[in-house]
Protein chains: 2
Amino acid sequence: MKWDALEDEPCSLARTVAVIGDRWSLLILRECFLRIRRFDVFQASLGITRHLLADRLKKLVRFGVLRRIPYQESPKRYEYILTQKGLDLYPIIMSIVHWGNIHMVDSRGRPMLHEHKNCGRMFDPVMVCSECGEPLTAKAVHVHPGPGARRSSPVHAKAQTPSRRTVRSG
Amino acid sequence: MKWDALEDEPCSLARTVAVIGDRWSLLILRECFLRIRRFDVFQASLGITRHLLADRLKKLVRFGVLRRIPYQESPKRYEYILTQKGLDLYPIIMSIVHWGNIHMVDSRGRPMLHEHKNCGRMFDPVMVCSECGEPLTAKAVHVHPGPGARRSSPVHAKAQTPSRRTVRSG
DNA sequence: GATTGACCGTTCTAAAATAGAACTGTATCA
DNA sequence: TGATACAGTTCTATTTTAGAACGGTCAATC
């Protein structure tokens, strides 16, 4: 399967994986959320080859996750900063970090801690239901084909998208 | 950089990426959460080559995300099912799906809808702070080095891990 | 008893992606 | 004049992946 094919799959996971489903993209995004913006700094902090870095930045820009903004003329220099679409990736990044915090730490403990400025406390991210606010577990979720499913199932046509409590994380 | 090197990085994101940071692992996990368990069924539904599928399943078992369980003797046949560690990946999967739902849908709408059995409603996942319950945004989060950081910073030693409201999703 | 098919992989080769290092080009600084 | 910063591109060797075929065990069928 080619990467391009993933984009066209009738599956939101596959489509997202087409954008961020490789290690370098995820690591680059980690740096973005840590306020890294410039080619050299990405390269130094990640140890990625320049070739791949150029390639991945281009891809993320093409998908609208990053924006390439000139910060000086002559020579032209660009910064890569997160768009709103990119900022919306925050829950993905945080849930990945959280899983690592729980399952991949050594005896020394967590490499990083997160403080919520709103309440001033160290926190973990918790995923809850937009409708009732309860924490989500896989077993408590039922999956229905939606309008964009491969074979449309009129039986389920009454199913509606959730109310607009959807939150953008940025 | 080798994949093995990622595991040893002082970063929970990198360590998690070492486990699930490739497209096939994520797609395999999607199938797992849809109750797929057998080699052939994975292969047929994903279109992955058998070689890679064998390889990825082995990796996920090695990392303790899947468990290989015999379901018949002669010939020995195994199923791959999620461990608790694997079930805990649910928030990652869901946040990936959610981002795709928001940013990668075509005019036909979402391929899938999710119903929360607890409240009976179609929902979106929302990531909130374990301490105050408010939705999280990248800008409202401050990062501190933790005890497992590369260079320990005694200045930040007072920082503590969050209280045990951490929720396992399964 | 031979054949077919299900199941779970392994082996093989060609194509694609990646690593690692060197190179390019503009501009600033000493 | 020479050294340094920045943002890439080019090159070759190695590694990974794709795609197809092959193998082996057992159950069910002819």
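Residues numbered from 1 in each chain as written. Chains lettered and ligands numbered in written order. Predicted model: local features only at pLDDT ≥ 70, side-chain atom pairs only at ≥ 80, totals over all residues. Heavy atoms only, no water.

Student: Report on the pairing of strand β3 (residues 112-116) of chain B, specifying residues and quantitative values.
Tutor: Counted residue by residue, β3 of chain B has four buried out of five residues, so it is predominantly covered. Here five bridges tie strand β6 (residues 141-145) of chain A to β3 of chain B, and the two strands are oriented antiparallel to one another. Looking at the pairing, Pro145 of chain A lines up with Met112 of chain B of β3 of chain B. Pairing analysis gives two bridges linking β3 of chain B to strand β4 (residues 121-122) of chain B, with the strands arranged antiparallel. Paired with His116 of chain B across the bridge in β4 of chain B is Arg121 of chain B. Linking β3 of chain B back to β4 of chain B in an antiparallel pair, the connection comprises four residues, with Gly120 of chain B at a positive phi of about 80°. (Buried < 20%, exposed > 50% of the residue type's maximum accessible area, 1.4 Å probe, protein only. Helix = DSSP H or I, 4+ residues; strand = E, 2+ residues; numbered from the N terminus. Pairing = 2+ DSSP bridges.)

Student: Give me the packing of helix α4 (residues 39-46) of chain B against helix α5 (residues 50-62) of chain B: which residues, what numbers.
Tutor: All names here are of chain B. One way to put it is that α4 packs onto α5 with a least axis distance of 10 Å and a crossing angle of 125°. Classified by the angle between their axes, α4 and α5 sit oblique to one another. Crossing of α4 over α5 shows right-handed handedness. Touching Phe39, Asp40, Phe42 and Gln43 of α4 are Arg50, Leu53, Ala54 and Leu57, all from α5. A class-by-class count of the residues in the contact of α4 with α5 yields five nonpolar, one polar and two charged. (Axes fitted to C-alpha atoms, helices over the stretch in contact; angles between N-to-C directions. Parallel < 35°, antiparallel > 145°, perpendicular 65-115°, else oblique. Left-handed = near helix turned anticlockwise from the far one by under 90°. Contact = heavy atoms within 4.5 Å. Nonpolar A, V, L, I, M, F, W, Y, C, P; charged D, E, K, R; others polar.)

Student: Run through the protein's contact with DNA strand D, naming residues and quoting values.
Tutor: Residues in close proximity to DNA strand D total 22 residues, the closest being Arg50, Tyr71, Arg77 and Tyr80 of chain A together with Leu52 of chain B. In DNA strand D, atoms within 4 Å of the protein come 63% from sugar and phosphate. One of the backbone nitrogen or oxygen atoms of Asp40 of chain A is found 3.5 Å away from a phosphate oxygen of DNA strand D. Here a phosphate oxygen of DNA strand D sits 3.2 Å away from a polar atom, N or O, in the side chain of Arg68 of chain A. Every element with two or more residues in the surface near DNA strand D is listed here: α4 (39-46), α5 (50-62), β1 (66-72) and β2 (77-82) of chain A together with α3 (23-33) and α5 of chain B. The element contributing the most residues to the surface near DNA strand D is α5 of chain A, with four residues. For the surface near DNA strand D, the residue count by class is nine nonpolar, three polar and 10 charged. (Near = heavy atom within 4 Å. Polar contact = N/O pair within 3.5 Å; in protein donor to acceptor, adjacent residues only side chain to side chain.)

Student: Requested: an account of the interface of chain B and chain A, with residues and values cited.
Tutor: At the interface, 99 residues of chain B touch 99 residues of chain A. Counting every contact that joins chain B to chain A gives four salt bridges. We note a salt bridge from Arg15 of chain B to Asp106 of chain A, for which the minimum N-O separation is 3.8 Å. On the surface where chain B and chain A come into contact, there are 37 residue pairs in polar contact (both at pLDDT 80 or more). With 14 residues, helix α7 (residues 90-103) of chain B is the largest single contributor of residues to the side of chain B that touches chain A. (Salt bridge = Lys/Arg side-chain N within 4 Å of Asp/Glu carboxyl O.)

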